Amino acid sequence: MNYNFEINSNGEISQLFLKNNCFDFHSASEFIRNLPYRRNLNKDNLATVFIDEYGTCSTKHALLKILAEENNQPHFKLILGIFKMNGINTPKIKSVFETLREPQSDKLEYIPEAHNYLKFKNQILDFTKKTPPKMILSMTFWKKQKSNLIKSTNSKLNSIKII
């Protein structure tokens, strides 16, 4: 499925992407994907991602959702997924689970973790972090994550303030 479109809106977010030499959704999503992962201080104004030059899964994908809306692209959905985060799918926290696996304690299997991403029709689009080559690694990750998905739901743009 081709989810690309030209940016031709006069909306605020569209204009910020154009100023950063992003003339279509593909270049805008690559721009976002290449920004470092870090929490933005001001989630009330998503343009802060351009000022801070970083963002989280929620601010990055909400910004791309607004870009799609400004350009009359109704098939993009902002999704909130709750996953079973564990030492296998998130190796950086593996030591936490190993520490908690003492014989006399209950075995902690996972920690629920929220993650925002986009869906275009039924295609998952995740532009959170740099994952070469393009979306291939990310799509492989998502196929593996289906068994770890607790719940997914459409997310409202104003809900990212609390995530």
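Described below are features of the structure shown in this document. Given the structure is predicted, the values throughout are model-derived calculations rather than measurements.

**Brief notes about the overall build of the chain**
Helix and strand counts for the chain come out as six helices and four strands. Order of helices (α) and strands (β) in the chain, N terminus to C terminus: α-α-α-α-β-α-β-β-α-β. The buried share of the chain, reckoned over its 163 residues, is 43%. A sequence separation of at least 24 residues applies to 64% of the contacts in the chain between residues at least 6 apart. Accessible surface, the chain as shown: approximately 9,700 Å² in total, 53% of it carbon and sulfur.

**Structural notes on the side chain of Ser-29**
Topologically, Ser-29 is positioned in helix 2 (residues 25-33). The buried category is assigned to Ser-29, whose relative accessible area is 2%. With sequence-adjacent residues up to four places away left out, Ser-29 is seen in contact with Leu-64 and Phe-127.

**Side note on the pairing of strand 1 (residues 76-85)**
Where burial is concerned, most of strand 1 is hidden: seven out of the 10 residues are buried. Across five bridges, the pairing between strand 1 and strand 4 (residues 149-154) is antiparallel. Residue pairing in the sheet places Ile-82 in a bridge with Lys-151 of strand 4.

**Details of the packing of helix 1 (residues 12-19) against helix 4 (residues 57-70)**
Their axes nearest at 8 Å, the elements helix 1 and helix 4 cross at an angle of 105°. In terms of their interaxial angle, helix 1 and helix 4 are classed as roughly perpendicular. Residues Glu-12, Ile-13, Ser-14 and Phe-17 of helix 1 lie in contact with helix 4, whose contacting residues are Leu-63, Leu-64, Ile-66, Leu-67 and Glu-70.

**As for the environment of Leu-78**
Its location among the elements puts Leu-78 in strand 1. We classify Leu-78 as buried; its relative accessible area is 2%. In the structure, Leu-78 is positioned 39 residues away from Tyr-117 in sequence and 6.0 Å away in space, judged by C-alpha atoms.

**With respect to the side chain of Asn-116**
Here Asn-116 is to be found in strand 2 (residues 111-120). Judged by relative accessible area, which is 0%, Asn-116 ranks as buried. Looking at Asn-116, its side chain comes within polar contact range of the main-chain oxygen of Ile-79, at 3.1 Å.

The rules behind the values
Residues numbered from 1 in each chain as written. Predicted model: local features only at pLDDT ≥ 70, side-chain atom pairs only at ≥ 80, totals over all residues. Heavy atoms only, no water. Helix = DSSP H or I, 4+ residues; strand = E, 2+ residues; numbered from the N terminus. Buried < 20%, exposed > 50% of the residue type's maximum accessible area, 1.4 Å probe, protein only. Contact = heavy atoms within 4.5 Å. Areas by Shrake-Rupley, 256 points an atom, 1.4 Å probe, with all protein chains shown as cover. Pairing = 2+ DSSP bridges. Axes fitted to C-alpha atoms, helices over the stretch in contact; angles between N-to-C directions. Parallel < 35°, antiparallel > 145°, perpendicular 65-115°, else oblique. Polar contact = N/O pair within 3.5 Å; in protein donor to acceptor, adjacent residues only side chain to side chain.

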